[in-house]
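Summary of the model geometry
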Protein chains: 2
Amino acid sequence: MIINHNFYMKLALDEAWKYQGFTYPNPAVGCAILSPSREILAVEAHHRSGEAHAEVNALKSAYYKLTNDAYILSLETSADIHAYLINNHNNMFNNCSLYTTLEPCSHYGKTPSCASLISELSFKDVYVGSYDTNKKAQNGNTILQKNGVKVVSEILHNECENLLFPFKKFLEGRFVFFKWAQRLNATTDDGIISSHESRVDVHKMRDVCDLLVIGGNSVRVDRPTLDARLVDGKAPDILIISRDKEFDRNIPLFNVKNRKVFVEDNFSKLSEYKNIMIEGTSKMYELSREYVDLYLCYLAPTFGGSSGFDNINDKFDILNVRQADEDIIMWMKRI
Amino acid sequence: MIINHNFYMKLALDEAWKYQGFTYPNPAVGCAILSPSREILAVEAHHRSGEAHAEVNALKSAYYKLTNDAYILSLETSADIHAYLINNHNNMFNNCSLYTTLEPCSHYGKTPSCASLISELSFKDVYVGSYDTNKKAQNGNTILQKNGVKVVSEILHNECENLLFPFKKFLEGRFVFFKWAQRLNATTDDGIISSHESRVDVHKMRDVCDLLVIGGNSVRVDRPTLDARLVDGKAPDILIISRDKEFDRNIPLFNVKNRKVFVEDNFSKLSEYKNIMIEGTSKMYELSREYVDLYLCYLAPTFGGSSGFDNINDKFDILNVRQADEDIIMWMKRI
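Nothing here was measured: the structure is a model prediction, and the numbers come from that model.

Some remarks on the environment of B:S194
Residues and elements named next belong to chain B. Structurally, the position occupied by S194 is in the loop between β6 (175–183) and α7 (196–208). The class of S194 is buried, set by a relative accessible area of 13%. Expressed as a C-alpha distance, the spacing of S194 and T302, which sit 108 residues apart in the sequence, is 9.9 Å. Once residues within four sequence positions are removed from consideration, S194 is found in contact with A181, R199, Y298 and D327.

Some details on the packing of helix α2 (residues 54–67) of chain A against helix α3 (residues 78–88) of chain A
Residues and elements named next belong to chain A. In the contact formed by α2 and α3, the axes pass within 10 Å of each other and the chain directions differ by 45 degrees. The angle between α2 and α3 places the two elements in the oblique class. As α2 runs across α3, the sense of the crossing is left-handed. On the side of α2, the interface is formed by V56, L59, K60 and Y63, while α3 contributes S78, I81, Y84, L85 and N88. When its residues are assigned to classes, the contact of α2 with α3 shows six nonpolar, two polar and one charged.

Side note on α3(A)
Residues and elements named next belong to chain A. Buried within α3 are the following residues: S78, I81, H82, Y84 and L85. All buried residues of α3 lie within an arc of 165 degrees about the axis, which places them on one face of the element. For α3, the secondary structure elements touched by its buried residues are α2 and α4 (114–120).

Topic: the environment of B:I241
Residues and elements named next belong to chain B. With respect to the helices and strands, I241 occurs in strand β8 (residues 237–241). You can call I241 buried: its relative accessible area is 11%. Residues I241 and V219 lie 22 residues apart in sequence; the distance between their C-alpha atoms is 9.7 Å.

Details of the sheet that holds strand β2 (residues 40–45) of chain A
All names here are of chain A. Spatially, β2-β1-β3-β4-β5 is the arrangement adopted by the five strands of the open sheet, whose pairing is mixed. Each having just a single partner strand, β2 and β5 (150–152) make up the two edges of the open sheet. Averaged over all pairs of adjacent strands, the angle between their axes in this sheet comes to 15 degrees, without regard to strand direction. Examined bridge by bridge, strand β3 (residues 97–102) and strand β4 (residues 125–130) share five bridges and lie parallel to one another.

About the thresholds
- Residues numbered from 1 in each chain as written.
- Chains lettered and ligands numbered in written order.
- Predicted model: local features only at pLDDT ≥ 70, side-chain atom pairs only at ≥ 80, totals over all residues.
- Heavy atoms only, no water.
- Helix = DSSP H or I, 4+ residues; strand = E, 2+ residues; numbered from the N terminus.
- Buried < 20%, exposed > 50% of the residue type's maximum accessible area, 1.4 Å probe, protein only.
- Contact = heavy atoms within 4.5 Å.
- Axes fitted to C-alpha atoms, helices over the stretch in contact; angles between N-to-C directions.
- Parallel < 35°, antiparallel > 145°, perpendicular 65-115°, else oblique.
- Left-handed = near helix turned anticlockwise from the far one by under 90°.
- Nonpolar A, V, L, I, M, F, W, Y, C, P; charged D, E, K, R; others polar.
- Arc of directions from axis to C-beta.
- Pairing = 2+ DSSP bridges.

Put into structure tokens, the structure is as follows:
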């Protein structure tokens, strides 16, 4: 294995993919920090909008590794971590290196920007995957360079662009992903398929989704709630795709507070939302094909069930695959 | 992400799994080397029996990283690398750390043992996953300790035991694995499923298998060669499971030199072999169920085809999953 810039960027990328789908309306971002002697001090990611950026999370971990000062672990907000680092860094990051999948932000909001923080901590060099094209946050590279930090761009650029793809679609108007769970033999019926961890994952995504799309038949058969109770999250609005508009209104999804439920025979409601998850199997896959930007498959390593995907012809690029608990999670783009 | 001993051992483990199935009759082993200041100098694996052990491959890479002396890259045999390191190490490995999934060998064969080499290079500490229970090679930990190297055992012990499982089965008598290729929708028909890289993988495994088992129907329909031509390897003996003993002898597999072909209606031939690959789909999966130690699935990220796995109920632990070229490769144990 070659241990080079790509290796460290890949660590940052893999960490970031663990949070893909949870960070909306922010992008998924990963960051690795290396000491001047090239020890890995931290590999962290952005977890959720409103929480610290990947760089700040990595600085927090690296600071703890270098000092064993557990106080920093008790700090939750970006502003608190930022202030603590500025007051206590003691030049420990002088000549360190930082790898980030996305150009550090230049945005001065509740805290100064990541680019200014990295500059102030006297990093030697920053390796960047993708450029930030979001007007509010771009020019981080320029700030770093003005402050004497060497910037090397486009490390694993394609892979970092793949990570950023959902965010870029959101900036263009909306991001739509199709999520399904299946067994190894492609069945999707006969009870719970995914591990608990996978289901928690899905609830984290529902929590930040605007709209969840589902087929009428699934609603009638499964009688689902489709909320984010496993993470105490908010329930997204629901679009049920069905020609038959009649539903038993005792089905739990109709009785979740602060949620709109639409029953339509088409997808035009999608134009009113920005981050949309479609949950389904074979039939919904075909119906929604033209609207979907990415596919997310939870694959359980089991054989069982009796019906599921069939009669479809498609090919995907796997953007990321990882094992989580018992299952395999794959983000894919149709090609 | 926590950067600790487990992190470095996991790097060694993941590298080793890339060569699982190719190293017979040796175990798959991975190794990482860190500088005294904790820079990752190398992560390498054992590739093939007769070639350098994982530790020697990692020392070769680390030496090159530290010296830029490309001469060592031209050395192929373990003996040559070993001798070159002994003559040229210049104490550069003093106080380095080494992570190895398996206790370093103590066997003095064509070269001195890995344990003695690591000792002679004055490593500070060695982190070991599994103990070597092979009588010829064990006691590496003792050699290291006698030479003043600190040894910490059982780092990610379960994961390292999983990596070693095929080798342990082989030592007990024989190792049998069931390999199949499928699409996302579990189909196995309708032409080539796997990427070129996946097929090269399979040929590397056939090259070191004693016996390849296949169903009579597959032979009649696919008319395969079942050799290791993609890697210029040797063709394994073939056991065709079929009640009907009549075959068109022009089917290529019957005309490969230096190979025995058996046609039987049972699996008793397995007792005469040590490293056995079964290739098949649904029917062979069920027939061979009681003989199989591990399952190897090449999953192509495509929908297509029309028939494949069905009517099976089983559950697996995923021992390793990785993306290779276009496909996903999973090693699994039935639970």
